[in-house]
Amino acid sequence: MEKEKKEFLVIAGSGGARGTRRDTRNPAPRQLSNTVKQINQKAVHWLKSRAEEVFAQVDDSLFSMAEKAHQQEEQDGLFQAIRVLRIELSQLVDSFCDGIEERFYEPRNDTPGEEASLSAVSSVSGLSLVKDDDLEQQVVIRTMIANVKRDHAEAIAALSLRLDTVLPCKVYDENLPLGPASVCGAFADALGEVDISLRARMTVFKKFESQLVNRLGELYQACNTALVEMGVLPTLEDPLRHRSRHGRPVAPGAAARGQAPQAGNPGQAGMPGQAQAAPGDSPMYGGAAMAGAAGTMGNMGSAPQGGAGQFAPGLMPYGSGAAPLATPTLLQHLGQLQMGIPLQAAATGELVNVTALLQERLVEAKQSASLHELDSEVIRLVDMLFSFMLEDRNLAEPIKVQLIRLQLPMLKLAVADKAFFSKGGHPARRLLNELADAAIGWQPGENYLNDPLYREVCSVVEGVLAEFEQDESVFVRLLESFREYASRERKRAAVMERRTIDEAQGTARVEAAKARVAAVFDALTAERKLPKIVHEWLNRVWNSVLFRTCLKEGTDSGNWRLHVLTARDLIWSVVAPMPESRAKMQRLLPDLRRRLDEGAQSLSLSPGDRQRLMGGLNVLYRERENLAERVECERERRIRERLVQELRREADSILAIPEVEEVAVAAVDLAEEPRELPVSEPALPDVESLQEVAKVAPLAKSEAKQPLPKDDEHWQQTYHLKDSWFLLRQPEKLPVRCRLAAIISDLDQFMFVNRSGAKVAVHSRLELAQALRDEVLLPLEQGPLFERALQYVVGNCGDSKIAISV
């Protein structure tokens, strides 16, 4: 009974529309296409990551709530919820993802409805199954669904239309497998299997809303983009913009065909499959099959007609006999279309098909007219300009979406003044360039809608759309205001960038100094066995002395040279052959001891440490002095013995002593003679050689790789980069826009920063050349956006009758 009651509560709590889960033993006969499978996997992966974040936040919140609870029963309930959720975490997330996947096979309407709840209550007499707790959960779910539909209606409608073309069953907004109702329904189904208190359950839904539901726009954008890339309705226009006078959705193409929307079938709103004109096309007729209703039409003005009954209503070709629209009338139409531009365009940005909208306005007013040849040319050129901007990789998509909304104001300027394209200093052109220049390095974050720059760009665009009619001073005022904002932003970024560069240069100097000291020591100690006390002097004392001198004064200073000489003298003093070097040692040691002691004092070593280190050297030198004396005595003794032996050989020559034995004895005597320095031990390098070794040491790492030929195009390009912007493409990461901020000469490194001045990447010259060759780093186009777009138009428009100045 309890089990049946619980199942009924789940059905009632979801408005009776969720039904039961698909039986995995008898899967649905429908087979999903590879396209749907890819979208399914992409969505499930995203939802699983967000769900895990939800429960991580829930765990922290419930624990904090339990600590603050005043009643033992309440605290116990919260701790019990923590334990249950931790145990069921994996199953909860899997159940949630399974629910989403099932809805791809069996789309259904998960929207909770009050009617179903009321009928469930009335159908069971005496049992209040749908209690206040369940109704509260329904209210929370309905609120979340309504908020997502309000904020992302356009993306949801586009995704519904695209999935409708690839799924075997009918898909519309309400049964969309990834719609807010489906996501909330799947989550509620999964959570319904867990026995926790109402307060804990509401906490879970709160975190679910903040960490997942409020971010569904990211999922919709990613799925729509993926479907477009796979060729599913790539030129789909926003179905929400095609509405009748009464605000009901109109199927694409219905306005052009004069058809009324079909009531009672939500799936008929925005049916795919109708012929559509591409955003870059600008046909003279505007495309009769192009969906583009202009909203409330208003008065058409006094557009002339070419005679009653001679022409069908709409836009006629130039020269067909239909009277062309006068410039004031055309500007009036464009102004009314400008007022109807939505606050935010589609996620990927779409151009306004002006001729299609003019066609619909004329059909609505039952009038016919044509366009002047020059006006048609202007419309075509502006369309090409903004088509170029749509493809420009310098800017992130959200910024391009906003700039594209300036298409109609720019078109109005060009229609009113046919010399607009030749006026390089026009405030509208400068405003567009300033907006693009300020946003060249901007990256859209997870909450980019609240980003200050994005909001400022939106504010400027909204100001143009709301205020510009004919007075061009609007552009001047907005340009000055935005320049002030951009200047403040650049100053803040410059401070951050300066700190980043200083930190990087400081780190580079430290690394270079370490490399130089290590190179000097390697050259001095290579293939030499040194006493322990000498290693302690070098590694503990003189390493720090040389490192500090290199940082403060560089390798060209006198102190650096003197300290390198001291290190060389120290090593020579313990490897020089004795007693041959005895005289030189006696001259060198007093000054060497003084230099070593001064170096130790400069590091603030304690007197006891200095005395121990110096005492260790003195003991070593005494041993070498004693060894030198023993070697001299031994040599003198052997000389005397050789003289005696020679005298004996001369005196006893008559005895014919075998010479072979004498030679052997002499060889044995000579073999026993001690030698201080092995013949194979290399000589110590001079100070000049050590200086050269130190200078090239920091570059050894980059030179370890196979260098590129000096005439290589990309190698040469590294010598001509200055303050350039790039698109950095890394595996399994989103592309990053970055700028070459500094070349660190100490290590021959190139440092790149983002728009805020934070470090993004550091490359050696060789790594940079290879990144340019492999297109890991893509240089972004230099120069103002409007002028670059005009260059594109000049190269593609052929013989234009409009004066164009780049």
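As the structure is a computational prediction, the values presented were derived from the model and not from experiment.

**With respect to the overall build of the protein**
- Within the protein, the regular secondary structure consists of 28 helices and seven strands.
- Across the 806 residues of the protein, 45% fall into the buried class.
- Look at the contacts in the protein between residues 6 or more apart in sequence, and 76% of them connect residues 24 or more apart.
- On the protein, roughly 40700 Å² of surface is accessible, and the fraction owed to carbon and sulfur atoms is 51%.

**Section: the packing of helix 7 (residues 180-192) against helix 8 (residues 198-211)**
- At a minimum axis separation of 12 Å, helix 7 and helix 8 run at an interaxial angle of 150°. In terms of axis orientation, helix 7 runs roughly antiparallel to helix 8. The interaxial crossing formed by helix 7 with helix 8 has right-handed handedness. Each of V183, C184, F187, A188, L191 and G192 in helix 7 lies in contact with helix 8, whose residues at this interface are R201, V204, F205 and F208.
- Looking at side-chain class alone, the contact of helix 7 with helix 8 contains eight nonpolar, one polar and one charged residues.

**Some thoughts on the packing of helix 18 (residues 473-525) against helix 20 (residues 558-575)**
- Between helix 18 and helix 20, the least distance of the axes is 10 Å, while the angle of their chain directions is 30°. The angle between helix 18 and helix 20 places the two elements in the roughly parallel class. Relative to helix 20, helix 18 is oriented so that their crossing is right-handed. In contact with R516, V517, V520, F521, L524 and T525 of helix 18, helix 20 contributes W560, V564, A567, R568 and I571.
- Here the residues of the contact of helix 18 with helix 20 are counted per class, giving eight nonpolar, one polar and two charged.

**A few points about the confidence of the model for the protein**
- Summary statistics for the protein give a mean pLDDT of 76 and a share of 76% for residues scoring 70 or more.
- Per-residue pLDDT stays below 50 along residues 1-29; that stretch engages in 46 contacts with residues further than four places along the chain or on separate chains.
- Predicted confidence for residues 241-309 stays below pLDDT 50, and this span has 133 contacts to residues more than four positions away or in other chains.

**Overview of the pairing of strand 5 (residues 749-753)**
- The buried count for strand 5 comes to four of five residues, which makes it a mostly enclosed element.
- Relative to strand 5, strand 4 (residues 736-744) is paired through five bridges, and the arrangement is antiparallel. Bridging across to strand 5, R739 finds its partner in V753.
- A loop of four residues connects strand 4 with strand 5, the two strands running antiparallel in sequence, and D748 in this loop sits at a positive phi of about 55°.
- Where strand 5 meets strand 6 (residues 759-764), five bridges bridge the pair, whose relative direction is antiparallel. Counted as the bridge partner of Q749 is S764 from strand 6.

**Considerations on the pattern of salt bridges**
- Counted according to the given criterion, the structure contains 37 salt bridges.
- R86 is the partner of D59 in a salt bridge, and the nearest nitrogen-oxygen pair spans 2.7 Å. Here R86 lies in helix 3 (residues 72-105) and D59 lies in helix 2 (residues 34-68), a separation of 27 residues in the sequence.
- Overall, R86 belongs to the exposed group, its relative accessible area being 52%.

**Re the side chain of N175**
- Positionally, N175 belongs in the loop between helix 6 (153-166) and helix 7.
- A distance of 3.0 Å separates the side chain of N175 from the backbone oxygen of K170, its partner in a polar contact.
- Setting aside anything within four residues of it in sequence, one finds N175 in contact with P107, R108, N109, K170 and S182.

**Things to note about the environment of G217**
- Position of G217 among the secondary structure elements: in helix 9 (residues 216-229).
- On the basis of relative accessibility, which here comes to 14%, the residue G217 falls in the buried class.
- Residues G217 and A153, 64 residues apart in the sequence, show an inter-C-alpha distance of 9.7 Å.

**Details of the packing of aromatic side chains**
- Applying the stated rule across the entire model yields 15 aromatic pairs.
- Ring geometry for F420 and F786: centres 6.0 Å apart, planes at 85°, overall edge-to-face. Of this pair, F420 sits in the loop between helix 15 (407-416) and helix 16 (427-438) while F786 sits in helix 28 (residues 785-796), and the two are 366 residues apart along the sequence. Per residue, the accessibility class of F420 equals that of F786, and both read buried.
- What links up through ring pairs into an aromatic cluster is the set F55, F96, F187, F205 and F208.
- In this structure, K584 packs its charged tip against the face of W572, placed 4.5 Å from the ring centre.

**A closer look at the nonpolar core**
- Grouped together as the largest cluster of nonpolar side chains are 68 residues, with contacts concentrated most on F386, L403, L411 and F482.
- Ranked by residues supplied to this core, first place goes to helix 13 (residues 373-391) with 10 residues.
- If near-sequence neighbours (up to four positions away) are discounted, L403 is found in contact with F386, L395, L432, L435, A436, V457 and L785.
- Membership of the second largest hydrophobic core comes to 61 residues, among which are Y105, L176, C184 and V204.

**Here we look at helix 12 (residues 354-365)**
- Here helix 12 spans 17 Å end to end across 12 residues, near enough to the 16 Å set by a 1.5 Å rise per residue.
- Counted residue by residue, helix 12 has nine buried out of 12 residues, so it is predominantly covered.
- Taken together, the buried positions of helix 12 are V354, T355, A356, L357, L358, Q359, E360, R361 and L362.
- K366 lies just past helix 12 and shows a positive phi near 55°.

The rules behind the values
- Residues numbered from 1 in each chain as written.
- Predicted model: local features only at pLDDT ≥ 70, side-chain atom pairs only at ≥ 80, totals over all residues.
- Heavy atoms only, no water.
- Helix = DSSP H or I, 4+ residues; strand = E, 2+ residues; numbered from the N terminus.
- Buried < 20%, exposed > 50% of the residue type's maximum accessible area, 1.4 Å probe, protein only.
- Contact = heavy atoms within 4.5 Å.
- Areas by Shrake-Rupley, 256 points an atom, 1.4 Å probe, with all protein chains shown as cover.
- Axes fitted to C-alpha atoms, helices over the stretch in contact; angles between N-to-C directions.
- Parallel < 35°, antiparallel > 145°, perpendicular 65-115°, else oblique.
- Left-handed = near helix turned anticlockwise from the far one by under 90°.
- Nonpolar A, V, L, I, M, F, W, Y, C, P; charged D, E, K, R; others polar.
- pLDDT = per-residue confidence, 0-100.
- Pairing = 2+ DSSP bridges.
- Salt bridge = Lys/Arg side-chain N within 4 Å of Asp/Glu carboxyl O.
- Polar contact = N/O pair within 3.5 Å; in protein donor to acceptor, adjacent residues only side chain to side chain.
- Phe/Tyr/Trp six-rings, centres within 6.5 Å; stacked < 30°, edge-to-face > 60°.
- Lys NZ or Arg CZ within 6 Å of the ring centre and 35° of its normal.
- Core = buried A, V, L, I, M, F, W, Y, C linked by side-chain atoms within 4.5 Å.
- Expected span 1.5 Å × (residues − 1).

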